[in-house]
Amino acid sequence: MNALLFAAPVVATLLFVDNANCAQRSRQEFLVFTGLCDASAATAIDQYHFLVASDEDSRIRIYRNDAPGPPVQVFDLRGFLELDTQHPETDIEAAARVDDTVYWITSHG
């Protein structure tokens, strides 16, 4: 996680299905990751961690894929992006990882 140069209120949860071991289990299990609403982009950063951006709050969260619940770290991008106070939404829509760099696409909507 040292490669990250930069990269909150909880309203809803994000659900992921753990299909990796479904053949060994009698039912699917849901892992619940909390701390954001309206997730709009995500990417893995290593075998245990993934980043998730919210479409609404200009924050990027790091979750541990084997530890459901709140994020292990949150990056608040509002100050860095110098957002207009009348329209503070960055509208992050996608992410792409190339080597140790994650690129975030936003419309500044």
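It should be noted that the structure appears before, not after, this text.
Within the largest apolar cluster, 11 residues are counted, these being A41, I45, L51, A53, I60, I62, F75, L77, I92, V102 and W104. Within the second largest apolar cluster, 5 residues are counted, among which are F33, L36, V52 and Y63.

Checked against the element boundaries, T43 lands in strand 3 (residues 39-44). T43 sits in the buried class, given a relative accessible area of 14%. Here T43 is in contact with F50, L51, A95, R97 and V102, once residues within four sequence places are set aside.

On to the sheet that holds strand 6 (residues 73-76), then. Read from one edge to the other, the open sheet built from 4 strands follows the order 3-4-5-6, with strand pairing classed as antiparallel. What marks the edges here is a single partner per strand, and that holds for strand 3 and strand 6. Each strand axis lies, on average, 20° off the axis of its neighbour in the sheet, ignoring direction. As paired strands, strand 4 (residues 49-54) and strand 5 (residues 59-64) are joined by 5 bridges and run antiparallel to one another. When the bridges of strand 5 are listed, V52 appears paired with R61.

Time to look at the packing of aromatic side chains. One pass over the structure, following the stated rule, counts 3 aromatic pairs. With a centroid separation of 5.3 Å and 85° between ring planes, the pair formed by F33 and F50 is classed as edge-to-face. Of this pair, F33 sits in strand 2 (residues 30-34) while F50 sits in strand 4; the two residues are 17 residues apart in sequence, bridging distant segments of the chain. Classification of F33 as buried rests on a relative accessible area of 1%. Centroid distance F33 to Y63: 5.6 Å. Interplanar angle 75°. Geometry classified as edge-to-face. Taken together, the positions of F33 in strand 2 and Y63 in strand 5 put the pair 30 residues apart, joining distant regions of the chain.

In this section: unusual backbone geometry. Generally, phi is negative for residues other than glycine and the peptide bonds are trans, each holding for most cases. One non-glycine residue with positive phi stands out, namely S58, at about 55°. Tracing the backbone shows S58 in the loop between strand 4 and strand 5. Even without a glycine there, the phi angle at D99 is positive, about 55°. By secondary structure assignment, the location of D99 is in the loop between strand 7 (92-98) and strand 8 (101-106).

Let us look at the pattern of salt bridges. Side-chain pairs of opposite charge can arise where the charged atoms are in close proximity. Going through the model one piece at a time under the given rule, you end up with 6 salt bridges. Its salt-bridge partner being D76, residue R78 comes within 2.5 Å of it at the nearest N-O pair. Take R78: its relative accessible area is 37%, and that puts it in the partly exposed class. Among the ionic pairs, D100 bridges to R97, the shortest N-O distance being 3.9 Å. Note on D100: relative accessible area 54%, which makes it exposed. Residues joined by salt bridges that share partners form a network here, namely D57, R59, R61, D76 and R78.

Cut-offs and rules
Residues numbered from 1 in each chain as written. Predicted model: local features only at pLDDT ≥ 70, side-chain atom pairs only at ≥ 80, totals over all residues. Heavy atoms only, no water. Core = buried A, V, L, I, M, F, W, Y, C linked by side-chain atoms within 4.5 Å. Buried < 20%, exposed > 50% of the residue type's maximum accessible area, 1.4 Å probe, protein only. Helix = DSSP H or I, 4+ residues; strand = E, 2+ residues; numbered from the N terminus. Contact = heavy atoms within 4.5 Å. Pairing = 2+ DSSP bridges. Axes fitted to C-alpha atoms, helices over the stretch in contact; angles between N-to-C directions. Phe/Tyr/Trp six-rings, centres within 6.5 Å; stacked < 30°, edge-to-face > 60°. Salt bridge = Lys/Arg side-chain N within 4 Å of Asp/Glu carboxyl O.

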